[in-house]
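Here is what each chain is made of, one letter per residue.
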Amino acid sequence: MANYANPDVLVSTDWVEQHKSDPKVVIAEVDVDTNAYNEGHVAGAVGWNWQTQLCDTVRRDVIGKADLEKLLGSSGIGNDTMVVLYGDNNNWFAAWALWQLKMYGHKDVRIMNGGRKKWLAEGRPLTKDAPAPKPKTYKAAERNESLRAYLRQVQDAMNSPRSVMVDVRSPDEFTGKILSPPGLPETCQRGGHIPGAKNIPWGKACNEDGTFKSADELAALYSGQGVTADKNVIAYCRIGERSSHTWFVLKYLLGYPNVVNYDGSWTEWGNLVNAPVEKGA
Amino acid sequence: MKAEAYRTITQEINGFKVNVTSYKIGEQFYCHVTNVDPDATISRAEAVTRGEAEKIAIEKATERLKPKN
């Protein structure tokens, strides 16, 4: 696929239609709009709710190991199962799920290129039938925190020439004109961005049909702003989900060796007392 | 069952650009109003006609995007 560094992380909508009954494959839909799955979904696909199932619902954190094992096992996923993720809005939250599965060491997890939008636009078959996966025992690895950045790392990176931060929010969020996207709750005290960050909105990595841009286009997009493979790259957004999409693009499609997702993102930084903030472009 | 008549139009509500996406699955029309960036859902509705689904979703979005004073 389009000369990507790791083309195996993507499957096409055609491939999914052909393999949706393959017992070695489990398809999971993860949407921004958690009601979308119930409108109709790929036959056999399980639906995961990012607000209740892909996070720690008590403290702010990703899903815990035991909960992940339970979720995957009850979805019919074993350690050797190929998991294919897809979702609405250019696979935004499919990438969020992939990031977490990779943190827990799942070997074979892929994204359906184009996501739900492409599947619907192509008029491919949908069902409202609930899947009945055969439960499996899933054993997750200890969480690999090297795929993630915590506040301290970001503070250190801010002063390091070897590091670069990519703010993947909209230009209006980046400049501080708005605190959050229209219609979404405001969750920070200050607008702006982390000093030195480059603004490359996450959606720029996608074509109009929801598929990822070619490797050449992606390389030009990021390297044109100094986000290159020789740097330690930290991606962030507002709550860490949009940036997991960019993390996926940089790590798997472009093959950058050192890229992490700062899931604390602006809702952490923009609420810190006395944190440095830059406004404007 | 498949999605039919998939359509996205961009319009402005209370000064904010939004995408209004609608399509039919089975006997129902679904409509989602999303902000343009990051395209997150502001409101959604379903009805037996596209016009009705869009009307309800846009009304809900208009309420949510009302200026706060």
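Since the model is a prediction, treat every value here as computed from it, not as a measurement.

Caption draft 1: Structural view of the overall build of chain B. Secondary structure assignment for chain B yields one helix and four strands. From first element to last, N terminus to C terminus, chain B shows the α and β order β-β-β-β-α. On C-alpha atoms alone, chain B measures out to a radius of gyration of 12 Å, which is about the 11 Å that the 2.2 N^0.38 rule sets for 69 residues. Each principal axis of the C-alpha distribution contributes one length, and for chain B these read about 45 × 20 × 15 Å. A buried classification covers 39% of the 69 residues belonging to chain B. Here the analysis covers contacts within chain B between residues at least 6 apart in sequence; of these, 26% occur between residues at least 24 apart.

Caption draft 2: Here's a closer look at the nonpolar core. Residue and element names in this part refer to chain A. Ala28, Val30, Leu85, Ala97, Leu98, Ile234 and Ala235 are the most contacted members of the largest nonpolar core, which has 96 residues in total. Looking at this core, the element that brings in the most residues is helix α4 (residues 88–103), giving ten residues. For this core, the domains that each give at least three residues are domain 1 (7–144) and domain 2 (148–269). What leucine 98 contacts, discounting residues up to four positions off in sequence, is Leu85, Val109, Ile111 and Phe248.

Caption draft 3: Expanded view of the domain arrangement of chain A. All names here are of chain A. Under the domain assignment, chain A is made up of domain 1 (7–144) and domain 2 (148–269). The partner domain 2 presents 15 residues to the 16 residues of domain 1 that form the contact. Going through the elements one at a time, α4 and α5 (115–121) are the ones with two or more residues in the side of domain 1 that touches domain 2. A class-by-class count of the residues in the side of domain 1 that touches domain 2 yields nine nonpolar, five polar and two charged.

Caption draft 4: Here's a closer look at the interface of chain A and chain B. Contact with chain A, which involves 22 residues of that partner, is made by 21 residues of chain B. Among the residues forming the side of chain A that touches chain B, the class breakdown is ten nonpolar, eight polar and four charged.

Caption draft 5: Seen up close, the confidence of the model for chain B. Residue and element names in this part refer to chain B. Model confidence for chain B is summarised by a mean pLDDT of 91, while 97% of its residues fall at 70 or above. Summarising per-element confidence for chain B, the mean pLDDT is lowest in strand β4 (residues 41–47) (92) and highest in helix α1 (residues 50–64) (95). Here the predicted complex carries an ipTM of 0.80, next to a pTM of 0.93.

Caption draft 6: Structural detail: the environment of glutamate 278 of chain A. Residue and element names in this part refer to chain A. Examined against the element boundaries, glutamate 278 turns out to sit in the segment after α10 (265–269). Sequence-wise, glutamate 278 and isoleucine 63 are 215 residues apart; in three dimensions their C-alpha atoms are separated by 32 Å. When residues no more than four places from it in sequence are discounted, the contact partners of glutamate 278 are Gly192, His193 and Pro195.

Caption draft 7: Structural context of the sheet that holds strand β9 (residues 259–261) of chain A. Residue and element names in this part refer to chain A. An order of β7-β6-β8-β9 is seen for the four strands of this open sheet, with the pairing classed as parallel. Both edges of this open sheet fall to β7 (198–199) and β9, since each of them pairs with a single strand only. Pairing geometry for strand β6 (residues 163–167) and strand β8 (residues 232–236), over five bridges, is parallel. Among the inter-strand pairings, valine 166 is bridged to a residue of β8, identified as alanine 235.

Caption draft 8: Layout of the pairing of β4 of chain B. Residue and element names in this part refer to chain B. Within β4, five of the seven residues are buried, leaving the element largely enclosed by the surrounding structure. As paired elements, strand β3 (residues 28–35) and β4 share six bridges and run antiparallel to each other. If you follow threonine 34 over to β4, its bridge partner there is threonine 41. Counted between consecutive antiparallel strands, the loop separating β3 from β4 contains five residues, among which aspartate 39 sits at a positive phi close to 75 degrees.

Caption draft 9: Local environment of the sheet that holds strand β3 (residues 46–48) of chain A. All names here are of chain A. If you walk across this open sheet you meet the five strands as β1-β5-β4-β2-β3, and the pairing is parallel. A strand with exactly one partner marks an edge of an open sheet, and here the two such strands are β1 (10–11) and β3. Sheet topology note: the strand β2 (residues 25–30)/strand β4 (residues 82–86) ladder contains five bridges and is parallel. The residue of β4 that forms the bridge with valine 25 is methionine 82. In this fold α4 packs onto β2, β3, β4 and β5 (109–112), with an angle of close to 175 degrees to the strand it touches most, β5.

Caption draft 10: Highlighting helix α9 (residues 242–253) of chain A. All names here are of chain A. Taking 1.5 Å of rise per residue, twelve residues should cover 16 Å, and α9 covers 16 Å from first to last C-alpha, within 8% of that figure. In terms of burial, α9 is a largely internal element, twelve of the twelve residues being buried. Taken together, the buried positions of α9 are occupied by Arg242, Ser243, Ser244, His245, Thr246, Trp247, Phe248, Val249, Leu250, Lys251, Tyr252 and Leu253. Count one or two residues on from α9 and you reach glycine 255, which has phi positive near 75 degrees.

Caption draft 11: Examining α1 of chain B more closely. Residues and elements named next belong to chain B. The first and last C-alpha atoms of α1 sit 21 Å apart over 15 residues, in line with the 21 Å expected at 1.5 Å per residue. Within α1 the residues assigned to the buried category are Ala53, Glu54, Ala57 and Ala61. Buried positions in α1, seen along its axis, are confined to an arc of 95 degrees and lie on one side of it. Exposed and oriented more than 90 degrees from the buried face of α1 are Gly51 and Glu63.

Caption draft 12: Region of interest: unusual backbone geometry. All names here are of chain A. Although it is not a glycine, asparagine 90 adopts a positive phi angle of roughly 55 degrees. For asparagine 90, the position within the fold is in helix α4. According to the C-beta neighbour criterion, asparagine 90 is buried, with 28 such atoms within 10 Å.

So, how was this worked out
Residues numbered from 1 in each chain as written. Chains lettered and ligands numbered in written order. Predicted model: local features only at pLDDT ≥ 70, side-chain atom pairs only at ≥ 80, totals over all residues. Helix = DSSP H or I, 4+ residues; strand = E, 2+ residues; numbered from the N terminus. Rg over C-alpha atoms; globule rule 2.2 N^0.38 Å. Buried ≥ 20, exposed ≤ 12 C-beta atoms within 10 Å, placed from the backbone. Contact = placed C-beta atoms within 7 Å. Core = buried A, V, L, I, M, F, W, Y, C linked by C-beta atoms within 7 Å. Domains from an automatic or database assignment. Nonpolar A, V, L, I, M, F, W, Y, C, P; charged D, E, K, R; others polar. pLDDT = per-residue confidence, 0-100. Pairing = 2+ DSSP bridges. Axes fitted to C-alpha atoms, helices over the stretch in contact; angles between N-to-C directions. Expected span 1.5 Å × (residues − 1). Arc of directions from axis to C-beta.

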